[in-house]
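Fold and contact review
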Amino acid sequence: MPRIFSGIQPSGELHVGNYLGAVKNWVALQHGHESFFCIVNYHAITIAFTPDELRRRTRDMAVSLLASGLDPAKAVVFVQSDVPEHTELGWIFNTITPLGELERQVQFKEKSARQEQVMAGILNYPVLQAADILLYLADTVPVGEDQVQHLELSRVVARNWNARFSPDAPYFPEPQPKLTPTRRIAGLDGQAKMSKSIGNTIGLLETPEQVWDKLRPAVTDPARQRKTDAGEPEKCPVIYPLHKAFSPVPVVTEVEAKCRGAGWGCMDCKKVLHTHMMEELTPIRTRAAELHARPKDVDELLHDGARRARLVARETMDTVRARMGLDASQ
Ligand code: TYM
């Protein structure tokens, strides 16, 4: 079976951007792929955090992923710090990654511009990401569009290591991103991508009332000032893409016609979206509440995930150490 790997930061609650850009695809791909899904808490400590909050957010993310449909019987779901081989390989990869490749990463530029003092972890962040993926020799990585540049770097890392330590037959595959039609979901402001750090998200576990309070003021086609103005769905940055993601095809067709013909106002359109969103999200919220009531079971699932991940990770590290001469005392 082909092997896939992907990761998500423990930012607490999963939002609709994470879900549509990545996690929903993970749930589909776990059938037919050997799958590893990782809550990347070492990546999360590159920005401000408190230990208690990190612990809580890590557990909450596990609950959200399981509630969304990741099945531990099919996929290996685990926490990055439970598998120390990630940081071990990350260090090794730091020694073969040109600084210039890291400095030109857009996410590095954006994140470092927001900080007074820039820590090395922000710069080396995508090197650890390359280690995450390559530790499992995964060649396919289901992610949203914002991760594409990081994956380009993962391929550079794989190529550099192979050229030095496995020149005859490449040991590490060059991982490719697997994107969905919902690869970039805009935030409620209609400007930036949906992102926890910007505060323009809809949380996956929010109640119907909370979701409605967010949809109601969301930006639509700016040319539609009045209900009687004809609109263009393609210019509606948030509501129309969410319809395409959550509403059945005949409803999307109706949305397009009613928008162009000014048959519905934007508020009518939002109400229809709300109904279809909640049809998909309410069962997830119910499952999450059940899982929250069984924290020991969630911990056990994560421990078992780490044990299974480590079996593969150790094997890779044995090969890496041997090829690099890091096995002198073994
Ligand atoms: P993170 O935690 O920011 O996001 C997790 C996944 O959600 C996707 N995503 C989106 N997709 C569409 N629209 C959006 N608005 C949106 N916001 C987020 C992301 O593209 C991602 O797929 N660096 C990674 C975590 C990581 C990782 C890895 C990913 C660490 N190691 C190895 C893949 C493989 C990150 O910060 O994702």
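Along each chain, residues carry numbers from 1 onward, in the same order as the chain's sequence is written. In keeping with the predicted nature of the model, local features appear solely for residues at pLDDT of at least 70, side-chain atom pairs appear and are counted solely at 80 or more, and the whole-chain, interface and lining totals rest on all residues. As a rule here, side-chain values cover all heavy atoms of the structure and leave hydrogens and water aside.

Start and end points for every domain follow an automatic or database-based domain assignment. Here the chain is partitioned into domain 1 (3-184 + 295-324) and domain 2 (208-289). Relative to domain 2, the C-alpha centre of domain 1 lies at a distance of 33 Å. Contacts are assigned to residue pairs with any non-hydrogen atoms lying within 4.5 Å of each other. Each partner contributes residues to the interface: domain 1 has eight residues there, and domain 2 has nine residues. Accessible area, probed at 1.4 Å, shrinks when two parts are joined; the buried area is that loss added up over both. When domain 1 packs against domain 2, the two sides together hide about 680 Å² of surface, and 68% of this comes from carbon and sulfur. In this structure, the salt-bridge partner of lysine 24 is glutamate 280, at a minimum N-O distance of 3.0 Å. Pairs of N or O atoms are called polar contacts if they sit within 3.5 Å, as long as, within protein, a hydrogen donor faces a hydrogen acceptor (for residues adjacent in sequence, only side-chain-to-side-chain pairs). Linking domain 1 with domain 2 are three residue pairs in polar contact (both at pLDDT 80 or more), by the criterion used here. Each helix corresponds to a stretch of at least 4 residues labelled H or I by DSSP, and each strand to a stretch of at least 2 residues labelled E; elements are numbered beginning at the N terminus. Those elements that provide at least two residues to the side of domain 1 that touches domain 2 are α1 (16-29) and α3 (51-68). Ranked by residue count, the leading element in the side of domain 1 that touches domain 2 is α1, at four residues. Only Asp, Glu, Lys and Arg are considered charged in this grouping, and only Ala, Val, Leu, Ile, Met, Phe, Trp, Tyr, Cys and Pro are considered nonpolar; every other residue, Gly among them, is considered polar. Its residues placed into classes, the side of domain 1 that touches domain 2 shows five nonpolar, two polar and one charged. By convention in these notes, a salt bridge is any Lys or Arg side-chain nitrogen within 4 Å of a carboxyl oxygen on Asp or Glu.

Below, the discussion takes up the packing of aromatic side chains. Note on aromatic contacts: the rings of Phe and Tyr and the six-membered ring of Trp form a pair at centre separations within 6.5 Å, being stacked when their planes are under 30 degrees apart, edge-to-face when over 60 apart, and tilted otherwise. Counted according to the given criterion, the structure contains nine aromatic pairs. Look at tryptophan 161 and tyrosine 171: their rings are 6.0 Å apart centre to centre, the planes differ by 50°, and that puts the pair in the tilted class. Of this pair, tryptophan 161 sits in helix α8 (residues 148-165) while tyrosine 171 sits in the loop between α8 and β5 (176-178), and the two are 10 residues apart along the sequence. For the pair tryptophan 161 and tyrosine 171, one class covers both residues: buried. Taken together, the ring pairs in this structure connect Phe93, Trp161, Phe165, Tyr171 and Phe172 into an aromatic cluster. For a ring to carry a charge above it, either NZ of a lysine or CZ of an arginine must fall within 6 Å of the ring centroid while also lying within 35 degrees of the normal to the ring plane. Sitting above the plane of the tyrosine 125 ring, lysine 111 keeps its charged end 3.9 Å from the centroid. Per-residue accessibility, obtained with a 1.4 Å probe over protein chains only, is compared with the maximum for each type, and a residue is labelled buried under 20%, exposed over 50%, and partly exposed between these values.

We now examine α1. Turn by turn, an α-helix covers 3.6 residues, leaving residues three or four places apart pointing in a common direction. The span one expects for a helix is its residue count, reduced by one, times 1.5 Å. An ideal rise of 1.5 Å per residue puts 20 Å on 14 residues; α1 measures up with 18 Å between its terminal C-alpha atoms. By definition, a residue's bend is the angle between the axes fitted to the seven residues ending there and the seven starting there. Within α1, the axis deviates most sharply at alanine 22, by approximately 40°. Along α1, 11 of the 14 residues are buried, which leaves the element largely enclosed by surrounding structure. If you check which residues of α1 are buried, you get Val16, Gly17, Tyr19, Leu20, Gly21, Ala22, Val23, Asn25, Trp26, Val27 and Leu29.

This paragraph deals with the pairing of strand β1 (residues 3-8). Pairing between two strands is assigned when DSSP locates at least 2 bridges connecting them. As paired elements, β1 and strand β2 (residues 34-39) share six bridges and run parallel to each other. Opposite isoleucine 8, over in β2, you have isoleucine 39 as the bridge partner. Place the viewer so that the strands point away; then a crossover is right-handed whenever the path from the first strand over the helix to the second strand goes clockwise. One crossover worth recording links β1 to the parallel β2 by way of α1, and it is right-handed.

Counting residues in hydrophobic clusters, the biggest one holds 54 residues, and the most contacted among them are Val16, Leu65, Ile202, Leu215, Leu242, Phe246 and Met277. Each of two domains, domain 1 (3-184 + 295-324) and domain 2 (208-289), supplies a minimum of three residues to this core. Ignoring sequence-local partners within four residues, the contact set of leucine 242 consists of Val16, Leu20, Ile185, Ile202, Leu215, Ser247, Leu273 and Met277. Only buried residues count toward a nonpolar core. Its members are Ala, Val, Leu, Ile, Met, Phe, Trp, Tyr and Cys residues joined through side-chain atoms within 4.5 Å. Counting residues in each nonpolar core, the second largest holds 39 residues, with Phe5, Val76, Val83 and Phe165 among its members.

Bringing the packing of helix α7 (residues 120-134) against α8 into the picture now. In this analysis an axis means a line fitted to C-alpha atoms, helices contributing only their contacting stretch, and an angle means the value between N-to-C directions, from 0 to 180 degrees. Two numbers describe how α7 lies on α8: the axes approach to 9 Å, and their chain directions differ by 70°. What the angle tells us is that α7 and α8 run roughly perpendicular. Where α7 crosses over α8, the two elements pack in a sense that is right-handed. In this structure, α7 contributes Tyr125, Pro126, Val127, Gln129, Ala130, Ile133 and Leu134 to the contact, and α8 contributes His150, Leu151, Leu153, Ser154, Val157 and Ala158. Looking at side-chain class alone, the contact of α7 with α8 contains 10 nonpolar, three polar and no charged residues. Our angle categories are set so that under 35 degrees counts as roughly parallel, over 145 as roughly antiparallel, 65 to 115 as roughly perpendicular, and the remainder as oblique. Helix crossings get a hand from a simple test, with the near helix turned counterclockwise from the far one by less than a right angle marking a left-handed crossing and a clockwise turn marking a right-handed one.

All right, on to α7 then. Along its 15 residues, α7 runs 22 Å from first to last C-alpha, staying within 8% of the 21 Å computed at 1.5 Å per residue. Helix geometry: α7 is bent most strongly at proline 126, by close to 35°. The element α7 is extensively covered by neighbouring structure, given that 12 of its 15 residues are classed as buried. Every buried residue of α7 is accounted for by Ile122, Leu123, Tyr125, Pro126, Val127, Leu128, Gln129, Ala130, Ala131, Asp132, Ile133 and Leu134.

For the rest of this paragraph, the subject is the pattern of salt bridges. Taken as a whole, this structure holds 25 salt bridges when the rule is applied. Here arginine 310 makes a salt bridge to glutamate 85, at a shortest N to O gap of 3.1 Å. In this pair, arginine 310 is assigned in helix α13 (residues 295-324) and glutamate 85 in helix α4 (residues 85-94), connecting sequence segments 225 residues apart. Among the residues examined, glutamate 85 registers a relative accessible area of 5% and is labelled buried. Residues arginine 307 and aspartate 304 are paired through a salt bridge, measuring 2.8 Å at the closest nitrogen-oxygen approach. Remark: aspartate 304 and arginine 307 occur in helix α13; sequence separation between them is three residues, near one turn of the helix. On the accessibility criterion, aspartate 304 (31% relative accessible area) is partly exposed.

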